[in-house]
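# Close look at the chain arrangement
Okay, here's what each chain looks like letter by letter:
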Amino acid sequence: MLNEMPEVTAFVAYADDIAIIADVDSRRGLEQKAERIMKAVSIWCKDNKLEISVEKTQYMIFKNRLIRNPTIKYINQTIKRTKTIKYLGITLDEKLNFA
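My aim in this report is to walk through the structure given alongside it, one point at a time. (Residues numbered from 1 in each chain as written. Predicted model: local features only at pLDDT ≥ 70, side-chain atom pairs only at ≥ 80, totals over all residues. Heavy atoms only, no water.)

### Regarding the overall build of the protein
Secondary structure assignment for the protein yields one helix and eight strands. Secondary structure elements of the protein occur, N-terminal to C-terminal, as β-β-α-β-β-β-β-β-β. Since a compact globule built from 99 residues should have a radius of gyration of about 13 Å, the 13 Å found for the protein is in line with a globular shape. With the principal axes as the frame, the protein shows a C-alpha extent of 35 × 30 × 25 Å. Each of the 99 residues in the protein was classed as buried or not, and the buried ones make up 25%. Residue pairs in contact within the protein that sit at least 24 positions apart in sequence constitute 43% of those at least 6 positions apart. (Helix = DSSP H or I, 4+ residues; strand = E, 2+ residues; numbered from the N terminus. Rg over C-alpha atoms; globule rule 2.2 N^0.38 Å. Buried < 20%, exposed > 50% of the residue type's maximum accessible area, 1.4 Å probe, protein only. Contact = heavy atoms within 4.5 Å.)

### Some thoughts on the pattern of salt bridges
Counted by the stated rule, this structure contains three salt bridges. For the salt bridge of Glu 31 with Arg 27, the shortest nitrogen-to-oxygen distance reads 3.1 Å. One end of the pair, Glu 31, and the other, Arg 27, are both in helix 1 (residues 27-47), four residues apart, so they sit about a helical turn from each other. For Glu 31, a relative accessible area of 18% puts it in the buried group. (Salt bridge = Lys/Arg side-chain N within 4 Å of Asp/Glu carboxyl O.)

### So, unusual backbone geometry
Trans peptide bonds make up most of the peptide bonds, and negative phi angles are found at most residues other than glycine. The backbone phi angle of Leu 88 is positive, close to 55 degrees, even though this residue is not glycine. By the secondary structure assignment, Leu 88 is in the loop between strand 7 (84-87) and strand 8 (90-93). Even without being a glycine, Leu 96 presents a positive backbone phi close to 65 degrees. Inspection of the secondary structure puts Leu 96 in the segment after strand 8.

### Notes on the side chain of Thr 82
By the secondary structure assignment, Thr 82 is in the loop between strand 6 (80-81) and strand 7. Assessed through its relative accessible area of 13%, Thr 82 is described here as buried. At 2.6 Å, the side chain of Thr 82 forms a polar contact with the backbone oxygen of Thr 84. Filtering out sequence-adjacent residues up to four positions away, Thr 82 remains in contact with Gln 58, Tyr 59, Met 60 and Glu 94. (Polar contact = N/O pair within 3.5 Å; in protein donor to acceptor, adjacent residues only side chain to side chain.)

### Some details on the layout of surface pockets
Empty space left among the atoms is revealed by rolling a probe the size of a water molecule over them. The volume enclosed by the largest pocket comes to roughly 1,800 Å³. Lining the largest pocket we find 47 residues, and of these Ala 19, Ile 20, Gln 58, Tyr 59 and Met 60 sit closest to its centre. Counting only elements with at least two residues in the lining of the largest pocket, the list comes to strand 1 (10-14), strand 2 (17-21), helix 1, strand 3 (58-59), strand 7 and strand 8. By residue number, the principal contributor to the lining of the largest pocket is helix 1, which donates seven residues. Per-class residue counts for the lining of the largest pocket are 33 nonpolar, five polar and nine charged. (1 Å grid on protein atoms, 1.4 Å probe; cavity = no way out; pocket = protein on both sides within 12 Å on 5 of 7 lines; lining within 4 Å. Points joined across faces, edges and corners; volume = space filled by probe spheres on them. Nonpolar A, V, L, I, M, F, W, Y, C, P; charged D, E, K, R; others polar.)

This is the structure we're talking about:
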């Protein structure tokens, strides 16, 4: 899947958990890159007969310098922003603190 998403900085998958990390400089850049990444994810999922639960999907911004939240969608469904996320048993926040 990573080969299909050249703009991704890091891609981590374990069982049914996936983390995609991308580096951008602006809200607009994030929206554009996220759109391309989500399209690649959608195609990969379709090809592999998998589905993403948008209700359980979240995004986080590290080192936030954005004035407005970006709009990130997966197949026309808005993904919610979170300030903390639990991934593989580790809670992480936007300032890269671990709990």
